Structure formats: C-alpha cells, structure tokens
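Breakdown of the fold
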Amino acid sequence: MKVLVIGGGAREHALCRSLSLDPAVTALHCAPGNAGIAEVAELRQVDALDGAAVAALATELDADLVVVGPEAPLVAGVADAVRAAGIPVFGPSGEAAQIEGSKAFAKDVMAGAGVPTARSYVCTTPAEVEEALDAFGAPYVVKDDGLAAGKGVVVTGDLDAARAHANACERVVIEEFLDGPEVSLFAITDGETVLPLQPAQDFKRALDGDEGPNTGGMGAYSPLPWADAKLVDEVLETVLQPTVDEMRRRGTPFSGLLYAGLAITGRGVRVIEFNARFGDPETQVVLARLKTPLAGVLFAAANGTLADLPPLRWSDDAAVTVVIASHNYPGTPRTGDPITGLDAVAAEDAPHAYVLHAGTRHDGDAVVSAGGRVLSVTAAGADLTEARDRAYRALARVRLDGSQHRTDIAAKAASEA
C-alpha cells in the first residue's frame, strides 16, 4: 500500500511512524512533513489547503490511501477533492468536518443525537454575550465558534477576560462549566461502524499544576488507571455511535477520526467538544500502545469495511508524551534555534523512548525549531511511573535554547495508580 499523509506536526510524525512500521506499507510520503518525519517518509511539497493540488499529488504518487492530519485542510474540503479523484481518503468531508469547524454546528448535532453536553448559548452581539455570561456565572467558558488551532477556548473566573474574548470573536458559544477530569477518546469510523481507541488525557495549560495560559497541549498519557473500566463502552453507546448515526441521518456522513473531548462530571459523562481529526498530543500516546497495524484500519475506514476488521489489539504498557515548546509559547514563539541531543536519545533510549517532531526543519545539516510546539518526547513502560521516567530521562538529553516543558505530565495519575 502506498500512503500519502498530509500535515507536518507531531501528530503526523506519530501517524507516519506507525505507518512506517506496518509491513503492508510499501511507500510512505508526507506533505509537507518536518525534519523528523523525513527519517521515515519521503517529503513532498503541497499547499495542504488546496484540495486540487493534494489530489494531483496523490494521483502522481499513485497513492492507495491519503491520510489528512490537520483540521484546517479537512474543513477546507481537501478530503472531498481526493475522493472525487477516486482515491480512498481517511478524513471527513468538508461538510462533516464542521463538527469541529463550528462549535454551534456541533451543538446542533449533539441536540439531534441526544448526546449529553453542557448547556450553551450561541452569541453574535455584545448584548447576547452579557446575557449568557450572566446566566451561567463563573467560571466562564467562552469558545470561538470557528477553528482556532486549539486556542479558541477561554475558561476563566475573570468576567472582563471572558467578555473580551467573546467580543473578539464573530460568533461565540458560551456554556456552563463542566467539573471533573477530562478525557480524550478517539474513534475511527467509516460513517456506520464506530471503532473506539484507548482513552488518553492531555494537559492544556502551559505550566505545572495546570497554571498559565491555554495551549495546543503540553503532554498526554494513556491508559487512565483512575477511569471506570466501562467508560469506553459507555461513551460508544451514548456519544460516539449516536453522533455518527445523526451525521448520516442528516446526509453528511462522517468517516475518519471522530475525537470526543469529555468531562467526567458528578452527573455523568458530558461532551466538551468534538474534533474531526486525531488530537495532538494524545495521538502520540494512543498510537504508542496500538499493536494492530495502522494502515489497514485507516484503509477500512476509508472504503467502508470497518465492520469486517477483527478487534484492535493493544499493548498493556503505558505511554507518556511530554511536549518541548519554544521560548514564549503560546505567545509568538522564537524559531530558528538549533536542537541537539536527538542522536543521543536514539542511541541511549530506543526503543522505549523516542522523539516525535512537531515544529522543526532542516537548516543545512542542523535541525532547528520552526514552531511553538517543537518536539514530543514519547515513552512506553510497564506502568505510568516507568513510562514517565523514560520520557523525562530522554527529554533531559535534548537541548533547545529557551525551551520550556511541564515536569508534571501524568505525575498525579502515576502516583495514584
């Protein structure tokens, strides 16, 4: 199978790494990729938001499967263009991807499907914003209706900050605060059959102790030793399958990766948000634990044959990933700084720990930073404590001037396991 992956972050590196280990994959290409992906896939240049260009590249490469990683190309309808060219693609249509592209659309789908979620208001004027903020009170949850690269949500006790974020958005969803731990659960679907993966938890705040500003994610771990053993089955029954059924009923069937961000509240599971693609950094730990070869699963979703697959096989090991971010992230990051120590991790820590690249590029023979989140140091172990130790030991070998990372990823879960 010849596979083309679209994207260039740590999620795509995790996907490419798993695909490169699949004996069924005979050729692997990634556009645009990054310095780390170049070690496992052949890099190509393409405008990821240009469906015609992506379809042309897939045709030129004689690709058997295209995997669209990021949300922006999906919302832009890139998967539609590839499908129209007769090439199987893993990723929803532009219309179906609105489940991530518009928070208001997602709320409407959830209402139709009877999916439990936070009560909310959609606001387009300052008067509506004031009314909604007053109705729910603090802590305020304010979500930009459109795509915002994981940074469109503000949760704050500060009324002025909530109001400022709301009024900076054209359309905003304001909703009740959901208490309780958060869980990310991915599901692969072909529009009918839904195949849940193993749950993970990510860390959105920039600093230890969940302090600091929201980010795209600073680390993650899987499995969740504190979670109810029936959680995945419950979410499949009450959230994932009803949502996929409702999307099909509306004439916008969803095939690809449906990501449910969940809050485990005192009143039960509630959906915080849906995404239309693998999450970053949770993908890094979920794929680290998946033993079933990946290409066949994604291909079955693309061609509507998921129901024919045997159950997925999972490692009993735990996995932890820690993100190394640039100076000043999540503000405007400093880029172009050299990264050293990657060879040392490969020599000393493999195969238990490895580095997945996010914002990197080659500058001559050197690897330099090229984004806010730069690397995801990922490790597996018999339990979370061992996986954490291995991840942080590997991370200590990496040097990036001015970089930052959290020191407490999975610490609480490991101590309570």
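Quick caveat: nothing in here was measured; it's all calculated off a predicted structure.

**Some thoughts on the overall build of the protein**
Assigned secondary structure in the protein consists of 14 helices and 24 strands. Taken against the 2.2 N^0.38 rule, which gives 22 Å for 417 residues, the C-alpha radius of gyration of the protein at 20 Å falls within 12% of a compact globule. The principal-axis extent of the C-alpha atoms belonging to the protein is close to 55 × 45 × 40 Å. A total of 417 residues make up the protein; the buried ones form 55% of that total. Summarising the internal contacts of the protein: among those between residues at least 6 apart in sequence, 69% fall at separations of at least 24.

**Quick look at empty space enclosed by the protein**
The final tally for this structure, using the stated rule, is 3 cavities of 30 Å³ or more. In this model, the largest cavity occupies a volume close to 70 Å³. Lining the largest cavity we find Ile 99, Lys 103, Ala 106, Lys 107, Met 110, Lys 143, Val 173, Glu 175, Ile 272, Glu 273 and Phe 274. Secondary structure elements with two or more residues in the lining of the largest cavity: α6 (103-113), β9 (172-175) and β17 (268-275). Element by element, the count of residues in the lining of the largest cavity is highest for α6, at 4 residues. In terms of residue class, the lining of the largest cavity is made up of 6 nonpolar, no polar and 5 charged.

**As for helix α2 (residues 51-60)**
Among the residues making up α2, those that are buried are Gly 51, Val 54, Ala 55, Leu 57 and Ala 58. End-on view of α2: buried residues confined to an arc of 160°, all on one side of the axis. Of the exposed residues in α2, the ones pointing more than 90 degrees away from its buried face are Ala 52 and Glu 60. For α2, the elements touching its buried residues are β1 (2-7), β2 (27-32), β4 (65-68) and α4 (78-84). A side-chain oxygen of the first residue of α2 lies 3.1 Å from the backbone nitrogen of Ala 52; this N-cap is Asp 50. Taken from the residues just after α2, Asp 62 is the one with a positive phi, measuring 55°.

Conventions we followed
Residues numbered from 1 in each chain as written. Predicted model: local features only at pLDDT ≥ 70, side-chain atom pairs only at ≥ 80, totals over all residues. Heavy atoms only, no water. Helix = DSSP H or I, 4+ residues; strand = E, 2+ residues; numbered from the N terminus. Rg over C-alpha atoms; globule rule 2.2 N^0.38 Å. Buried < 20%, exposed > 50% of the residue type's maximum accessible area, 1.4 Å probe, protein only. Contact = heavy atoms within 4.5 Å. 1 Å grid on protein atoms, 1.4 Å probe; cavity = no way out; pocket = protein on both sides within 12 Å on 5 of 7 lines; lining within 4 Å. Points joined across faces, edges and corners; volume = space filled by probe spheres on them. Nonpolar A, V, L, I, M, F, W, Y, C, P; charged D, E, K, R; others polar. Arc of directions from axis to C-beta. Polar contact = N/O pair within 3.5 Å; in protein donor to acceptor, adjacent residues only side chain to side chain.

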